[in-house]
Amino acid sequence: MVKAKIAVNGYGTIGKRVADAVRAQDDMEVIGISKTKPNYEAAVAHQLGYDIYAPAANLGAFEKAGMPAAGTIEEMVEKADLVVDCTPGGVGEGNKPMYEKAGVKAIWQGGEDHSLAGFSFNAICNYEQAVGRDLVRVVSCNTTALCRAIYPIDKELGVKKVRVILARRATDPNDVKKGPINAIVPDPIKLPSHHGPDVKSVLPQINITSAALKIPTTLMHVHTVNMEVDKDCTVEDIKNIYGSQPRVRLVGQGMSSTAEIMEFARDMRRPRNDMWENCIWPESITVQDKELYFFQAVHQESIVVPENVDAIRAMMELESDGAKSIEKTNKAIGLYNK
Ligand code: NAD
């Protein structure tokens, strides 16, 4: 089988995980990753056998550090069928002309605006609409989790409205520039937050508003979700709906915090402790007069990773059925041990 040639531009929190997840698939391969500097992350990429590409001005620094680059970022892009842009939010936009010049397909992440790609993706919600597309944005960690939580309830019960409070991790565990932190920050202070409208970039029919607080933790986000639905339902109905979802995990067995969920991921020997699923606490699921409530935890570093793989498969027309792609991606990365 000829594999789709994938380049990962920006090898940070999301990029390194996307590269490994693409590598685990049998229908796509990583032809290169980009690093701006020859730091410890570049050294590991080199050890893992990835071809590293760098800005032309920094090629000498890579040579000097004993990890010669395979070429410039432009050269990497030229060799690819599709580039997954994992550069920091706002930087990816500036790469669009380079992708257009090379005639490659491109995926951006949630830090970019919907208008950049004109299509925002979540595998269970709109996989089929991404088939054959040239430009796609995989939505942010929070939006991914909300889409996965709202879509199946809307399908089964009809969603009238959604209200969400997000307790957001202050920054990622390796990010010393934004820490140490000791405050609770309404973010943004002006209500509602942008998270609700961002869900509408995937599910335009959903009536949703949100508020967000940044809190001093790096592990995960936690959402307090409230949905008003059209049909009568029970707690058991909600558990059954979520229990059948391929990327939702009902976390019980004494896990009462994000710290224990991360420990569970370590114990399962997940790569980098990744928890790709929405983690919903079953004890929190409450139903009152066609309104349901629950808490879910979101591992911001990894939740979008399988979504990127599915977006590639759809755009490259490697699979037309979303459910099949989700199953294939999950199996290849090890997301099957419910
Ligand atoms: P990051 O800062 O961890 O990684 C970005 C990488 O890109 C770094 O290695 C940086 O050196 C490199 N880079 C910077 N400028 C570059 C350039 N011009 N060319 C090539 N490489 C360049 O960022 P991240 O957290 O991985 O975020 C990437 C994207 O994913 C953003 O859009 C972000 O909003 C989104 N996202 C992040 C998270 C998260 O929690 N970290 C979750 C979901 C989505």
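Rules used throughout
Residues numbered from 1 in each chain as written. Predicted model: local features only at pLDDT ≥ 70, side-chain atom pairs only at ≥ 80, totals over all residues. Heavy atoms only, no water. Patch = residues over 30% accessible without salt bridge, like charges linked within 9 Å, V, L, I, M, F, W, Y side chains within 5 Å. Areas by Shrake-Rupley, 256 points an atom, 1.4 Å probe, with all protein chains shown as cover. Salt bridge = Lys/Arg side-chain N within 4 Å of Asp/Glu carboxyl O. Helix = DSSP H or I, 4+ residues; strand = E, 2+ residues; numbered from the N terminus. Buried < 20%, exposed > 50% of the residue type's maximum accessible area, 1.4 Å probe, protein only. Near = heavy atom within 4 Å. Polar contact = N/O pair within 3.5 Å; in protein donor to acceptor, adjacent residues only side chain to side chain. Domains from an automatic or database assignment. Arc of directions from axis to C-beta. Contact = heavy atoms within 4.5 Å. Axes fitted to C-alpha atoms, helices over the stretch in contact; angles between N-to-C directions. Parallel < 35°, antiparallel > 145°, perpendicular 65-115°, else oblique. Left-handed = near helix turned anticlockwise from the far one by under 90°. Nonpolar A, V, L, I, M, F, W, Y, C, P; charged D, E, K, R; others polar. Buried area = accessible area lost by both parts, 1.4 Å probe.

## Notes on a nonpolar patch on the surface
On the surface, a nonpolar cluster with roughly 270 Å² of combined accessible area is contributed by Ile 165, Ile 184 and Leu 213. Its location among the elements puts Ile 184 in the loop between β9 (159-169) and β10 (185-186). The class of Ile 184 is exposed, set by a relative accessible area of 61%.

## Here we look at the site of the ligand
Among the 21 residues in the neighbourhood of the ligand, the closest are listed as Thr 13, Ile 14, Gly 111, Arg 169 and Asp 172. With respect to the ligand, the backbone of Thr 13 contributes an N or O atom lying 3.0 Å from an oxygen atom. The separation between an oxygen atom of the ligand and a polar main-chain atom of Gly 111 is 3.1 Å. Expressed as a share of its isolated accessible area of 830 Å², the protein-covered part of the ligand is 77%. Counting the residues that make up the shell around the ligand, at least three belong to each of domain 1 (4-139 + 304-333) and domain 2 (141-298).

## Structural notes on helix α11 (residues 258-267)
Of the positions making up α11, those classed as buried are Thr 258, Ile 261, Met 262, Phe 264 and Ala 265. Down the axis, α11 shows its buried residues gathered within 155 degrees of arc, on one side only. Buried positions along α11 lie against β12 (221-229), β13 (248-250), β14 (278-280) and β16 (291-298). A distance of 3.3 Å separates the backbone nitrogen of Ala 259 from a side-chain oxygen at the start of α11, and that oxygen is part of Ser 257. Positive phi shows up at Arg 269, right after α11, with a value of about 55 degrees.

## With respect to the packing of helix α8 (residues 141-157) against helix α10 (residues 235-243)
Contact geometry of α8 with α10 gives a least axis separation of 10 Å together with a crossing angle of 120 degrees. Judged by the angle between their axes, α8 and α10 are oblique. Both α8 and α10 take part in a crossing whose hand is right-handed. Listed contacts from α10 to Arg 148, Ala 149, Pro 152, Ile 153, Glu 156 and Leu 157 of α8 are Ile 238, Ile 241 and Tyr 242. Its residues assigned to classes, the contact of α8 with α10 shows seven nonpolar, no polar and two charged.

## Some thoughts on the domain arrangement of the chain
The domain architecture assigned to the chain consists of domain 1 (4-139 + 304-333) and domain 2 (141-298). For domain 1 versus domain 2, the distance between C-alpha centres works out to 26 Å. If you look at the interface, domain 1 gives 25 residues, while domain 2 gives 19 residues. Overall, the association of domain 1 and domain 2 removes approximately 1,800 Å² of surface from exposure, summing both partners, and the carbon and sulfur fraction of that is 52%. The largest per-residue losses of area from domain 1 upon contact with domain 2 belong to Ile 124, Cys 125 and Val 139, which jointly make up 29% of the total buried on that side. Inspection of the region where domain 1 meets domain 2 yields six salt bridges. Among the ionic pairs, Asp 198 bridges to Arg 137, the shortest N-O distance being 2.9 Å. Secondary structure elements with two or more residues in the side of domain 1 that touches domain 2: α1 (13-23), α2 (40-47), β7 (120-121), α7 (123-130), α12 (305-315) and α13 (322-333). Looking at the side of domain 1 that touches domain 2, its residues break down into eleven nonpolar, seven polar and seven charged.

## Quick look at the pattern of salt bridges
Applying the stated criterion to the full structure yields 20 salt bridges. A salt bridge links Lys 105 to Asp 134, with the shortest nitrogen-to-oxygen separation between them at 3.1 Å. One end of the pair, Lys 105, is in strand β6 (residues 105-108); the other, Asp 134, is in the loop between α7 and β8 (135-138), and 29 residues separate them in sequence. A salt bridge links Glu 307 to Arg 247; the shortest N-O distance between them is 3.3 Å. Linking Glu 307 in helix α12 with Arg 247 in the loop between α10 and β13, this pair joins segments that are 60 residues apart in sequence. Here Glu 307 matches Arg 247 in class, with each residue buried. In this structure, a network of salt bridges that share partners links the residues Asp 27, Arg 148, Arg 247, Glu 307, Asp 310 and Arg 313.

## A short note on the environment of Glu 236
One can find Glu 236 in helix α10. Looking at Glu 236, the relative accessible area reads 47%, which means it is partly exposed. In the structure, Glu 236 is positioned 51 residues away from Val 287 in sequence and 9.6 Å away in space, judged by C-alpha atoms.

## Let's talk about unusual backbone geometry
Of note, the amide linkage connecting Asp 187 to Pro 188 takes the cis form, showing an omega dihedral of 5 degrees. With respect to the secondary-structure elements, Pro 188 resides in the loop between β10 and α9 (195-200). With an omega dihedral of -10 degrees, the bond running from Leu 191 to Pro 192 counts as a cis peptide bond. In this structure, Arg 272 is a non-glycine residue whose phi angle is positive, near 55 degrees. Note that Arg 272 resides in the loop between α11 and β14. When its relative accessible area of 32% is taken as the criterion, Arg 272 is described as partly exposed. A positive phi angle, close to 55 degrees, is found at Glu 317, a residue other than glycine. On the accessibility criterion, Glu 317 (57% relative accessible area) is exposed.

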